[in-house]
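# Structural characterization, general
So you can see what is in the structure, the chains are spelled out below.
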Amino acid sequence: MTAPAVSLAGEARLLPGILLALTGALFFTVMDTFVKITSERLPTPVILFFVFMISALVPLSWCAASRRLQALRSRKPWVQLIRGIAMLLGSTFFFYALSVMSLADAYALLFTQPLLITVLSIPMLGERVGWRRWAAVAVGFVGVLIMLRPGAGLIEPAAIAVLGCSLLWGFGFLIVRKYGAVETGESFVVFGNLIVALGIAPLAIWFWVQPSGIEWLYLVLAGLLAGVATLTLTTAYRRAPAAVVAPFQYTQLPIGMVIGFFVFGDLPETAVLVGAGIIIASGLYILHRETRVERAV
C-alpha cells in the first residue's frame, strides 16, 4: 500500500511546476497577441525596445525586492553579450513574423527549436547524438517541409524568419546550458533583455512612431507579461524536471489557435496542423531520449 502513496506524493511535488509551465505558456501567448496587435501600425524596433526594456525591469525588481542583486553579477560578460545579440536577432525575426503570420503558424514553426538544439549541441557542447535522435530530427524536418510546402511556392520570408529565430534562440539556450554553472539564471534574463532593448534602441529612434494611448497600454502589458512569464517558466524548471515541464510549453499552439480565431479571425490550414503534430512528436521524443541519456550518465 505504500507504493501508490509515494507515487501520489511525487505527482503532488510536480504539480506546481506543471501549473507554472502552463501559466508561462499562457502569458507568453497573450504577450505575443499584444505584439501582433501593435505591429499593425508600430514598427518592429519600437515594439522590441519597449517590450524588452519593461520585461528586464520585472526580474530586476524581483531581485531587488528579494535582496538578491548579487545574482546579477556576471563572471563572463562576453557570454552575456553573445547570447544577447542572438536574442536580439532572433526576437527581431519573430516579432516581424508575428506582424504577418497567424499565432498558430508562427508557433508551429518555432517548435523546431528542440530539433535545432540537437544539431547545435554537437559543435557547441560536444554531445554525441545517437541514431534515434537523428531519426527524430529527420522526421521533424519532414514536418517542417509539410508546413512550408516548397513545391507549392508557399515559402514566405516570415516563415524563414521564424526558423531563423528558432535557430538563434536555440543557440542562446545552449549558451545557458553550457555556462549555467557560472552565470545565474537571473543574470541571463536581465542582461539578455537589456542587450536586446539597448541594441534595438537606435533603430527604434530612427523608425519612431508615436504609440497611441491604447498602444502604450498594450506595450506595457506585453513587457510585464514577458517578464513575469520568463520568471514563471524559470521557476517551473526549478520545481520539476525538464521532461515534465517542456511538453506543456506546446500548449501555446492550441492557445494561439483559440486567440488567433477570436481576435484575428485566423484558422490554421490542415498542412500546418499535420506538420506541427509531426514536429511536436519528434521534439517530445528528443526530450525523452535526452532525459534517458542524462539519467544514464
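Here, the structure is the one placed above.
As a starting point, this report considers the structure included with it.

So, how was this worked out
- Residues numbered from 1 in each chain as written.
- Predicted model: local features only at pLDDT ≥ 70, side-chain atom pairs only at ≥ 80, totals over all residues.
- Heavy atoms only, no water.
- Core = buried A, V, L, I, M, F, W, Y, C linked by side-chain atoms within 4.5 Å.
- Buried < 20%, exposed > 50% of the residue type's maximum accessible area, 1.4 Å probe, protein only.
- Contact = heavy atoms within 4.5 Å.
- Axes fitted to C-alpha atoms, helices over the stretch in contact; angles between N-to-C directions.
- Helix = DSSP H or I, 4+ residues; strand = E, 2+ residues; numbered from the N terminus.
- Parallel < 35°, antiparallel > 145°, perpendicular 65-115°, else oblique.
- Left-handed = near helix turned anticlockwise from the far one by under 90°.
- Polar contact = N/O pair within 3.5 Å; in protein donor to acceptor, adjacent residues only side chain to side chain.

Here the focus is the nonpolar core. In terms of nonpolar packing, the biggest core is built from 55 residues, with Val51 and Leu109 touching the most fellow members. In contact with Leu109, not counting residues within four places along its chain, are Met101, Val144, Met147, Leu148, Ala159, Val162 and Leu163. Counting 8 residues, the second largest nonpolar core, distinct from the first, contains Ile117, Leu120, Met124 and Leu174.

Take the packing of helix α5 (residues 113-125) against helix α7 (residues 157-179) next. Contact geometry for α5 and α7: axes closest at 9 Å, N-to-C directions at 50°. Regarding the angle of α5 to α7, the classification is oblique. The two elements α5 and α7 cross, and the hand of that crossing is right-handed. Along the contact surface, α5 presents Gln113, Leu116, Ile117, Leu120, Ser121, Met124 and Leu125, while α7 presents Leu163, Ser166, Leu167, Trp169, Gly170, Phe171, Phe173, Leu174, Ile175, Arg177 and Lys178.

All right, on to the side chain of Glu183 then. Along the chain, Glu183 turns up in the loop between α7 and α8 (185-206). At a separation of 3.3 Å, a polar atom in the side chain of Glu183 contacts the main-chain amide nitrogen of Lys76. Those residues in contact with Glu183 that sit more than four places away from it in its chain are Ser74, Arg75, Lys76, Gln80 and Phe188.

Any functional reading would require information beyond the geometric quantities listed.
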